[in-house]
Amino acid sequence: MDFSAVQFGDEILGYNESSTFSEDSSAYADLYAGDAGEAFSPGGEFTHDTHDGDFISSGEYQESRTVLVDGSDHYGVSAVSVDRKEELVWMGNSGGHVTSYLSTDLMKYTSFQVHATEEIRDIWAYDLGILALTPTSLNMRTRQGIPAFTHQSPQLENMQCMLQLGGNFSHRLLLGGHQSSMVEFDLTRQEQTRCHQVGEQGCVILRDHPRFVCHGDLTGRIVLHDPRTMRQEHSFQAHTGSLSDFDVLGNYIATCGLSNRMGQLLGDQFVMVFDLRMMKLSLPLRALVPPFLLRFVPGLSSCLAVVSPVGQWQLMDAGQPDNAIMSLSYQINCVPESVITTFDVASSSQAIVFGDSLGSLHLFTSGSKPTFNNFSQETMMPDLPEQTQTMPLTDKTASLASIPMYYPTSALLSEWPEQYMKVGYRPTPPVDAAILSSMKIVGSIGYAPNLHNKKRNQVPYKFNRTKGQKSSASENVLGKNDEGITVHVPWRYRKLEIKYGKLGMDDFDYDQYNRTSFSGLDMSLPNSYCNPMIQMFYYIAPLRALMMSHLCEREFCLVCELGFLFHMLDVSMGQGIPCHASNFLRAFRTIPEASAMSLTLSDQDNRAKINFASKIQSWNRFVLQQLHTETLEDRANHSHVDSLDERMFQNSCQIDTSLEEPEITKAEEGHIVERQDKREYSPVAVIFGSHVVSINKCTRCNHEIHKDTTSLLVNLTFPESLEGRCSFSSVVERSMSLEQTRQAWCDSCTRYQPIEQWRRYKTLPDILAMNCGLDSAQDFRFWKHQFELLLTDVRDKKREEEKKKSEAKYGNNDKELSKANERNTPSLTTAGSPSTPSKRYPDSSSSQPSPARPCRYGQGCTRHDCRFWHPGRDAGEGQQPAHVLSLLDQTMEYSWVPPGMRAKLNEDGTVSLSDITKSELEDAKDNECGVVYELVGVVSHIADPRFPDKNNLVACIRVGPGYHVRAKVSSVSHWYLFNDISIQPIGQEEALWFPLGWKTPCVLYWQRRQLPSESHSVEQINPITVDVFGEDKSLAQRGRKRITFTPLTADEMPGEGDLVAMDAEFVNLHQEEAEIRSDGTRTTIKPSQKSVARITCIRGQGPLEGTPFLDDYISTQEQVVDYLTQFSGIKPGDLDANFSQKHLTTLKSTYVKLRYLVDKGVKFVGHGLKNDFRVINMTVPMAQLIDTVHLFHMSHNRMVSLKFLAWHFLKLKIQSVTHDSIEDARTALALYQKYCELKANGDLVMELQTLYEAGKKAQWKVPGEEEED
């Protein structure tokens, strides 16, 4: 075993007890320095007298294989040994696992665990099997992995290496380590025989020699022993600091290590070579790489392989010190963070195996057919099961007599009962009622006129296809798009369909979808297709602060509900549980305009027929306008906003002051100019709005109307022409200043006339919201054509680079140059399967496609993207665009959409935009050339051709540093992929990655890099104050109201840490959807949708302890399918304002009261509070919840109901007929007081055991009452 695996307490090499291999190669760089003590660079560069240090791979050896061993990168390779008997390589890692690989192809042969916790220090292969050494044990296995013996003794304390002696002493095995004695083990008797004293510095390296047993210790000393008596014969002080590795061959001992220079240990740049004939140091060899490990190459008298810790190695000639520095050098293709920890050389000298600290094996070979040994034994392979003779069904010449006859003892399946063997006929379809009504009977024959609604002499039969009908998803099994290219959507983009266990959402592991600190949104609710846009709004800091600072008295207000939802997302950070947008979606469904625009969906809608790309853009446009409308204020109160808007624009966007001049000019020419100011000011308009002047001009009378409006978003309009390449910013510029002519009413002409329309901007928005369109085939063709032109340029540049490299390599030899171009040019003629990109460019080794079918139009075909063959065209000319687009499925590097744009407002009101690349965006700032917009969010439509009913919408959002600070992580900006409950970190390249086969952008959000601080605050103001308890009106319109609570007074308001007992009752809006498998297990496909019907809060302390201060029945406008009267106590009519006699309120009125208590830090006591607050749609910090379900629960046992707890501890019988929330809340408060009493007396554990014993005895039913558990 080499010295690199030393760990326990060996501070010389930088190891510690917790980690064997350091993943930072800088630790080795500090040890291996140059002549002047300079540290060796971890990147692989080092100083030298005559060489510049660039390594090449042109030599005898080439890296042929690299495999990731068992244990992946969690465990580094700690030992490697090439078998001297068979064509096997043995590997041991720091996790105690041993694996063997067959031949130079490194096919896995055997794999087994030697020790559960200790690493493998050394491996030795001999005739009978494999010896594996751990720090405290010696294990022997056969080459097939069968255990032979395991030896442990007190003398095996911290073993490091082992050596089997040769010749007549082959039964002797020496074991050395960080201890004063060397242990000798007899392999024949399988027992420990004796111990040899080696000194306090121990024995960390053992090497064999025909005349000596050589061992090295921690001080850099090499000792030679007599193999018969183990007496010390000679010793060398190889290095003044420590010994790293050494090897013995013939008359030479080569060493490498560390020396003490100026009070610190630094790695020696020299390999010390000792001559055993003279027993002294020969000339040292100057190594080209910092020596860390070394081995003599068998078969070559003085050839030495020297390895550095960061992956460079070289071959040196120990017999020619003057020419050693000119030897061949190689580079191991390893990860920069990895460290080469061990290596071994095959006995044939044709293979060298390296192991690194990240769990990879690297094999270097030489020759066309390399082997590990010149004469290897045959490796035993497992016996394959005997293959039975088969007969193809299509073989008409096969003899059926060869099939043995089976004589059954029971009836065959084909022997059906007689009633199933009767001949059945299709039923006659009924005659059309229209025919019967017009039929005239003549004798026994009826005559009627032909209705011409059926084909002649054909009667269609209607079959019941409901059972066994194939879904539409199976029609496209291969998942090909419209162009015939196979599409594979990555898992993280697909629509999630989760199945809950018997406990529903409580036992579901959300960590498998979201390992970030942020919270996702549940997708089981109707209209949850808008989840990506909700996340987009949340991560726009000014909008989040605005929504959370708003509170009004309207029952259904989207701004209020968004603020409540954003508060839930804030509180849920780090809890790993998704939030529910049920209250927001309920308010959204109540807006009549949303239903009129078909923005609301039901569970019965077929997702395959819904155009989600168009719907989410309509949702974005509608909700922005709705938020703007709901936050509107009187313009008179916003004169300061107008002036601020104009002042900010003058400073940053160069406001146009000449727009008033055309009015005078046109008036002199007789033109009529009418100005209308229809701007509406709101906080939402400050964020998203831009001051736009819409100009309508009649082409006949030149009458103009100038309307000052506020624009909240931009709809992209694409050119109709496909010729030429244009930038994305030019399309945006054209869309913002669109000029068009259409028929409209002219007030001056009093008739419809052609009207010219255009827009001019006075200010630019701070947040630029953009709908991409792409809802027509023409727009999508333009989008696709721009990607084709972009990728064609990329391909041509790549070919030019490869051509220049070939010219430089082959000179003027035209034949060799053409062959090199064919070999090196990336093959773009194969449209592969779209997947997560793993290659930067297409594989040049991909096979060429078969000749395409000829086009029916021949040379007259005008389609530039025709996929068929045309005579006279170059090969592949017609197929080029589709093949170029396949590059999008192999790399994320190229995108037509830029990460940033620069916008400048011109004096005439037009906007000039230009793209900003990723490298330019880092240093881009606002200047006289315009302001900088950077992309902060993309909502994309995911369409999988294999599953058309699983269309999906996802959002790629750049989360700002403020959100990371709130989540208690580093203050950085990072991109994330939001797919409902799934949140995955991604790079900026993936956000701009649009494979045309399945991912289409729908909504883009751009944000100014420098937002005006005076108009945008990212800190919200909590609008919920104690005034929410002031007015408490009931919605019930008739009858006498029963007041069951006493409102809080001013001096009773709960504060931080005060107790409030709470309980809620619910009704069902949708029943649960579940399936029962054949094994009887039950899986919830879709949980039931509940709505809160009653909320009760009780004082937890004070003179009125136990008295309710809140007992509200919640009015609902949605259809209730089950009132759950037995469990909720709610009856039909209790929630109807026309019939209820209860204290009926809106959900929002009660919700803000609970929010006030949560914000004040009140502690809630109840039974099943987690479920209660989930249905109420509120997230409460776990520190503020005291749940009696968990207080009286023992691990690995069932939860106990409130009814049984009250009977057992309080001797009360509750819930006898129906549930009452006041009674349940009081009981929960009493149980918490009982819990505090038991805990203070130290009787809690004993009482819990008594509780479960009584429950099992009574079958968890209260005695005297018959009720199901």
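Here the structure is a predicted model, which means the values were calculated and not measured.

Draft legend 1. View of the overall build of the protein chain. Scanning the protein chain from N- to C-terminus turns up 25 helices and 54 strands. Look at the contacts in the protein chain between residues 6 or more apart in sequence, and 61% of them connect residues 24 or more apart. Per element, the accessible surface of the protein chain, about 63,200 Å² overall, is 50% carbon and sulfur.

Draft legend 2. Just the confidence of the model for the protein chain, in detail. Mean pLDDT for the protein chain: 80, with 80% of residues reaching 70 or above. Per-residue pLDDT stays below 50 along residues 465-478; that stretch engages in eleven contacts with residues further than four places along the chain or on separate chains. The low-confidence segment residues 823-852 (pLDDT under 50) makes 66 contacts with residues lying over four places distant or belonging to another chain.

Draft legend 3. Highlighting the nonpolar core. Among the nonpolar cores identified, the biggest contains 98 residues, and I534, F537, W619, F688, Y1005 and F1164 are the most heavily contacted of them. Tallying contributions element by element places helix α5 (residues 558-571) first for this core, with nine residues. Every residue in contact with F688, bar those within four places of it in the chain, is listed here: I540, L543, L624, S711, L712, P765, I767, A769 and Y1005. By size, the runner-up hydrophobic cluster in this structure holds 51 residues, among which are L768, C772, Y894 and L996.

Draft legend 4. How the structure looks around the pattern of salt bridges. Taken as a whole and judged by the stated rule, the model has 38 salt bridges. Between D70 and K108 there is a salt bridge, with the nearest N and O atoms lying 2.6 Å from each other. One end of the pair, D70, is in the loop between β1 (62-68) and β2 (77-82); the other, K108, is in strand β5 (residues 107-113), with 38 residues separating them in the sequence. With a shortest N-O distance of 3.0 Å, D275 and R277 are connected by a salt bridge.

Draft legend 5. Fine view of the sheet that holds strand β12 (residues 181-186). If you trace the four strands from one edge of the open sheet to the other, you get β10-β11-β12-β13, paired in antiparallel fashion. The open sheet has two edge strands with one neighbour each: β10 (159-164) and β13 (191-197). Recorded for the sheet is a direction-independent mean angle of 25° between the axes of neighbouring strands. Here β12 runs beside β13; their pairing, made up of six bridges, is antiparallel. Residue D186 lies in a different strand from β13, and its bridge partner there is E191.

Draft legend 6. Structural view of the packing of aromatic side chains. Under the counting rule described, the total for this entry stands at 44 aromatic pairs. Both rings, one in F588 and one in F622, keep their centres 6.2 Å apart while their planes meet at 70°; by these two values the pair is edge-to-face. Here F588 is found in helix α6 (residues 582-589), whereas its partner F622 is found in helix α8 (residues 612-630), with 34 residues between them in sequence. Among the residues examined, F622 registers a relative accessible area of 9% and is labelled buried.

Draft legend 7. View of the UniProt feature "binding site: a divalent metal cation" (unreviewed entry) in the protein chain. Summarizing the sequence annotation, UniProt attributes the feature "binding site: a divalent metal cation" (unreviewed entry) to D1063, E1065, D1172 and D1224 in the numbering used throughout. The greatest C-alpha distance among the annotated residues, which extend across 162 residues, is 12.8 Å, indicating that they converge on a single site. Structurally, E1065 is set in strand β47 (residues 1059-1070). What makes E1065 buried here is its relative accessible area of 5%. Leave out the neighbours within four places in its chain, and E1065 touches S1091, V1092, A1093, R1094, F1127, S1128, I1130, H1219, D1220, S1221 and D1224. Looking at where D1224 falls in the secondary structure, it is placed in helix α24 (residues 1221-1241).

Draft legend 8. View of a nonpolar patch on the surface. Taken together, M391, L400 and I403 make up a surface patch of nonpolar side chains, about 300 Å² in accessible area. Of note, I403 is situated in the loop between β30 (360-365) and α2 (433-437).

Draft legend 9. Spatial organisation of the packing of helix α23 (residues 1202-1209) against helix α25 (residues 1244-1257). Between α23 and α25, the shortest axis-to-axis distance is 11 Å and the interhelical angle comes to 115°. Compared by their axis directions, α23 and α25 come out roughly perpendicular. Note on packing geometry: the crossing formed by α23 with α25 is right-handed. For the pair formed by α23 and α25, the contact residues are F1204, L1205, H1208 and F1209 on the first element and E1247, T1250, L1251, A1254 and G1255 on the second. Residue composition of the contact of α23 with α25, by class: five nonpolar, three polar and one charged.

Draft legend 10. Representation of the pairing of β5 within the structure. Here strand β4 (residues 97-102) runs beside β5; their pairing, made up of six bridges, is antiparallel. Looking at the pairing, S100 lines up with T110 of β5. Here β4 hands over to β5 after four residues, with S103 in that stretch at a positive phi of 60°.

Draft legend 11. The arrangement of the pairing of strand β18 (residues 242-249) in detail. Along β18, seven of the eight residues are buried, which leaves the element largely enclosed by surrounding structure. Here β18 hands over to strand β19 (residues 252-261) after two residues, with G250 in that stretch at a positive phi of 65°.

Draft legend 12. Spotlight on the environment of E720. Inspection of the secondary structure puts E720 in the loop between β36 (713-715) and α12 (728-736). We classify E720 as exposed; its relative accessible area is 67%. For the pair E720 and F782, spaced 62 residues apart in sequence, the C-alpha separation works out to 7.6 Å.

Draft legend 13. Looking closely at α5. With 14 residues, α5 ought to run about 20 Å at 1.5 Å a step, and its terminal C-alpha atoms sit 20 Å apart, in line with that. Within α5, 14 of the 14 residues are buried, which leaves it mostly tucked inside the rest of the structure.

Draft legend 14. Unusual backbone geometry, seen in detail. Here the phi dihedral of S103 falls at roughly 60°; this positive angle occurs in a residue that is not glycine. Along the chain, S103 turns up in the loop between β4 and β5. Residue S103 is classed as buried on the basis of its relative accessible area of 19%. Even without being a glycine, S598 presents a positive backbone phi close to 60°. Structurally, S598 is set in the loop between α7 (592-596) and α8. Take S598: its relative accessible area is 42%, and that puts it in the partly exposed class.

Draft legend 15. Structural view of the sheet that holds strand β14 (residues 205-208). The strand order β14-β15-β16-β17 describes an open sheet built from four strands, whose pairing is antiparallel. Looking along the sheet, the strands with just one partner apiece sit at the ends: β14 and β17 (232-237). Between one strand and the next, the sheet's axes are offset by a mean angle of 20°, whatever the strand orientation. Of the pairings in the sheet, the one linking strand β15 (residues 213-216) to strand β16 (residues 221-225) comprises four bridges and is antiparallel in character. Bridged to C214 within β16 is L224.

Draft legend 16. Geometry of helix α20 (residues 1147-1159). For α20, built from 13 residues, the straight-helix expectation of 18 Å at 1.5 Å per residue is met to within 8% by its first-to-last C-alpha distance of 18 Å. Summarising burial for α20: eleven of the 13 residues are buried, a large majority. Listed as buried for α20 are L1147, K1148, T1150, Y1151, V1152, K1153, L1154, R1155, Y1156, L1157 and V1158. Taken from the residues just after α20, G1161 is the one with a positive phi, measuring 85°.

Draft legend 17. The arrangement of the packing of helix α3 (residues 531-538) against α5 in detail. Interhelical geometry of α3 versus α5 gives an angle of 80° and a closest axis separation of 11 Å. Looking at the two axes, α3 sits roughly perpendicular to α5. Of the residues in α5, those in contact with I534, Q535, F537 and Y538 of α3 are L562, L565, F566, L569 and D570.

Draft legend 18. How the structure looks around the environment of S100. Within the secondary structure layout, S100 lies in strand β4. Judged by its relative accessible area of 0%, S100 falls in the buried class. Put simply, S100 and T110 are ten residues apart on the chain and 5.3 Å apart in space, counted from C-alpha to C-alpha. Not counting the four nearest positions on each side in its chain, S100 is found in contact with V89, W90, M107, K108, Y109 and T110. Separated by 2.5 Å, the side chains of S100 and T110 make a polar contact.

Calculation rules
Residues numbered from 1 in each chain as written. Predicted model: local features only at pLDDT ≥ 70, side-chain atom pairs only at ≥ 80, totals over all residues. Heavy atoms only, no water. Helix = DSSP H or I, 4+ residues; strand = E, 2+ residues; numbered from the N terminus. Contact = heavy atoms within 4.5 Å. Areas by Shrake-Rupley, 256 points an atom, 1.4 Å probe, with all protein chains shown as cover. pLDDT = per-residue confidence, 0-100. Core = buried A, V, L, I, M, F, W, Y, C linked by side-chain atoms within 4.5 Å. Buried < 20%, exposed > 50% of the residue type's maximum accessible area, 1.4 Å probe, protein only. Salt bridge = Lys/Arg side-chain N within 4 Å of Asp/Glu carboxyl O. Pairing = 2+ DSSP bridges. Axes fitted to C-alpha atoms, helices over the stretch in contact; angles between N-to-C directions. Phe/Tyr/Trp six-rings, centres within 6.5 Å; stacked < 30°, edge-to-face > 60°. UniProt positions renumbered as here; feature names shortened; annotations may be inferred. Patch = residues over 30% accessible without salt bridge, like charges linked within 9 Å, V, L, I, M, F, W, Y side chains within 5 Å. Parallel < 35°, antiparallel > 145°, perpendicular 65-115°, else oblique. Left-handed = near helix turned anticlockwise from the far one by under 90°. Nonpolar A, V, L, I, M, F, W, Y, C, P; charged D, E, K, R; others polar. Expected span 1.5 Å × (residues − 1). Polar contact = N/O pair within 3.5 Å; in protein donor to acceptor, adjacent residues only side chain to side chain.

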